[in-house]
Amino acid sequence: LRHLHCVSRRQYQRCIRDRESIDTLKVCGISIITNGQLTGLAFKGVKYENGVLLLDSAVLDSGTTSDILIEFYGGDLEVEVTGECVFTSAGVSSIIGDGSLSLKGGGSLSITATEAAAISVEGSVTAACALNVTGAPAAESAGVSAGEGFSLSENSENSIVVAAPA
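Visitor: Which parts of the structure should I look at to understand the environment of Gly 91?
Guide: Residue placement: Gly 91 occurs in the loop between β9 (84-90) and β10 (95-97). Along the chain, Gly 91 and Asp 67 lie 24 residues apart, while their C-alpha atoms are 9.7 Å from each other. Not counting residues within four places of it along the chain, the set of residues in contact with Gly 91 comprises Thr 114, Glu 115 and Ala 116.

This is the structure we're talking about:
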């Protein structure tokens, strides 16, 4: 009970019912989910709804800070991409997590990381959206694959390209 910050049995049951599929989610250092609960905070072009991180023409840049752009722990992260989304980071990975990462949607996502892995997850990366990743390396993961209807046109050490269906 203590780790969910619930006091009574009724609060505990509500916590379990309202608990998100991951324990922690941060976007540019802003906590979106803490201890499995939504914080109510958001970031422009980014919101978390019904167990999915929604990116809508999101532009995330680590700038001169060392903030990881998207950080998740305690489960797998599903991301829906709409519009043209661009992530840029220097000296730090753009996306870090202890589960798998699943990207989908009709939009495109471009990730560029210098002096770091662009994506660093303990599980696998599956992309069912237009994706262009550049990093050193592009991804540290259990494997990268394209979702149904998409093709993995490049999967080298420093570059990943997933093409949308023609």
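Visitor: Is there a simple way to think about the pairing of strand β1 (residues 24-27) in this case?
Guide: A regular strand places its side chains so that they alternate between the two faces of the sheet. Judged by which residues are buried, β1 turns out to be one-sided: Leu 25 and Val 27 face inward and are buried, whereas Thr 24 and Lys 26, on the alternate face, are not. Bridge count for β1 against strand β7 (residues 70-73) is four bridges, and the pairing is antiparallel. Considered in β7, the bridge of Leu 25 is made with Phe 72. Relative to strand β2 (residues 30-34), β1 runs antiparallel, the two sharing three bridges. Directly across from Val 27, in β2, lies its bridge partner Ile 30.

Visitor: What am I meant to see in the confidence of the model for the protein here?
Guide: Do not read the predicted coordinates in detail wherever pLDDT is low. Residues at a pLDDT of 70 or more form 87% of the protein, whose mean pLDDT is 89. Long-range and interchain partners of residues 1-7, a stretch whose pLDDT sits below 50, account for 12 contacts in this model, where long-range means more than four residues apart. Residue range residues 10-17 is modelled with pLDDT below 50. Its contacts to residues more than four positions away, or to other chains, number eight contacts.

Calculation rules
- Residues numbered from 1 in each chain as written.
- Predicted model: local features only at pLDDT ≥ 70, side-chain atom pairs only at ≥ 80, totals over all residues.
- Heavy atoms only, no water.
- Helix = DSSP H or I, 4+ residues; strand = E, 2+ residues; numbered from the N terminus.
- Contact = heavy atoms within 4.5 Å.
- Buried < 20%, exposed > 50% of the residue type's maximum accessible area, 1.4 Å probe, protein only.
- Pairing = 2+ DSSP bridges.
- pLDDT = per-residue confidence, 0-100.

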